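# Tertiary structure, described
The chain contents come next:
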Amino acid sequence: MKCTKCNEVSNNCCIDEVGEMIQKLVRVFQLFERDQIKIHGFTTTQCYTLLEISKFGSLSMNEISEKMNLNSSTMTRILDKLVRDEYISRSKDDNDKRIVIVSLREKGIEAASKLSDSVKAYYKKIIENIPEGQVEEILKSVNILQKAFEKANPNCC
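Every value quoted in this text rests on a predicted model; they were computed, and no experiment measured them.

Rules used in this analysis
Residues numbered from 1 in each chain as written. Predicted model: local features only at pLDDT ≥ 70, side-chain atom pairs only at ≥ 80, totals over all residues. Heavy atoms only, no water. Helix = DSSP H or I, 4+ residues; strand = E, 2+ residues; numbered from the N terminus. Buried < 20%, exposed > 50% of the residue type's maximum accessible area, 1.4 Å probe, protein only. Contact = heavy atoms within 4.5 Å. Expected span 1.5 Å × (residues − 1). Axes fitted to C-alpha atoms, helices over the stretch in contact; angles between N-to-C directions. Parallel < 35°, antiparallel > 145°, perpendicular 65-115°, else oblique. Nonpolar A, V, L, I, M, F, W, Y, C, P; charged D, E, K, R; others polar.

The subject of this paragraph is the side chain of Thr-49. Inspection of the secondary structure assignment puts Thr-49 in helix H2 (residues 44-56). Residue Thr-49 is classed as buried on the basis of its relative accessible area, which comes to 0%. Aside from chain neighbours lying at most four places away, what touches Thr-49 is Ile-64, Met-68, Met-75, Ile-78, Leu-79 and Leu-82.

Spelled out as structure tokens, the structure:
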């Protein structure tokens, strides 16, 4: 493919620039985690676990593992802490006792709501700092980047 930046026909074009931009984005996201999630007392994974369960009301262990892109043993450890701290509960499915259903308790509903508000407020600030008329362009570009990450890492998503 031909690079519009350097006009070369090469797959090696812009490797350094893309790498540096992604590294900066990762660092910015780490600051986001610290400032918007950890202040609530959760890890990033715990936060997004609570938010996913909140979206759907309840999920099976398999469903939450798939949505979080984590194996079941890792997901179990994360959920164990949330159960211990009374944010979520586990129960057996009425129709199939082998299936474990995860749902939010009252404390988890409150935490998920606060986390959601905090995350959305941060995303709103980001959108407010994007030049007018360019949000859709950025969404398309981020979607392309996400798909490239998924293709480059077959273990992902």
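Let's shift gears to H2. Across its 13 residues, H2 extends 19 Å between first and last C-alpha, which sits within 8% of the 18 Å expected from 1.5 Å per residue. Turning to H2, its buried residues number three or more, namely Thr-44, Gln-46, Cys-47, Thr-49, Leu-50, Leu-51, Glu-52 and Ile-53.

Moving on: the packing of H2 against helix H4 (residues 72-84). Contact pair H2 / H4: the axes reach a minimum separation of 11 Å and the direction vectors enclose 80 degrees. Taken together, H2 and H4 sit at an angle that is classed as roughly perpendicular. Residues Thr-45, Gln-46, Thr-49, Leu-50 and Ile-53 of H2 form the contact with H4, whose own contacting residues are Met-75, Ile-78, Leu-79, Lys-81 and Leu-82. Of the residues assigned to the contact of H2 with H4, the class counts are 6 nonpolar, 3 polar and 1 charged.

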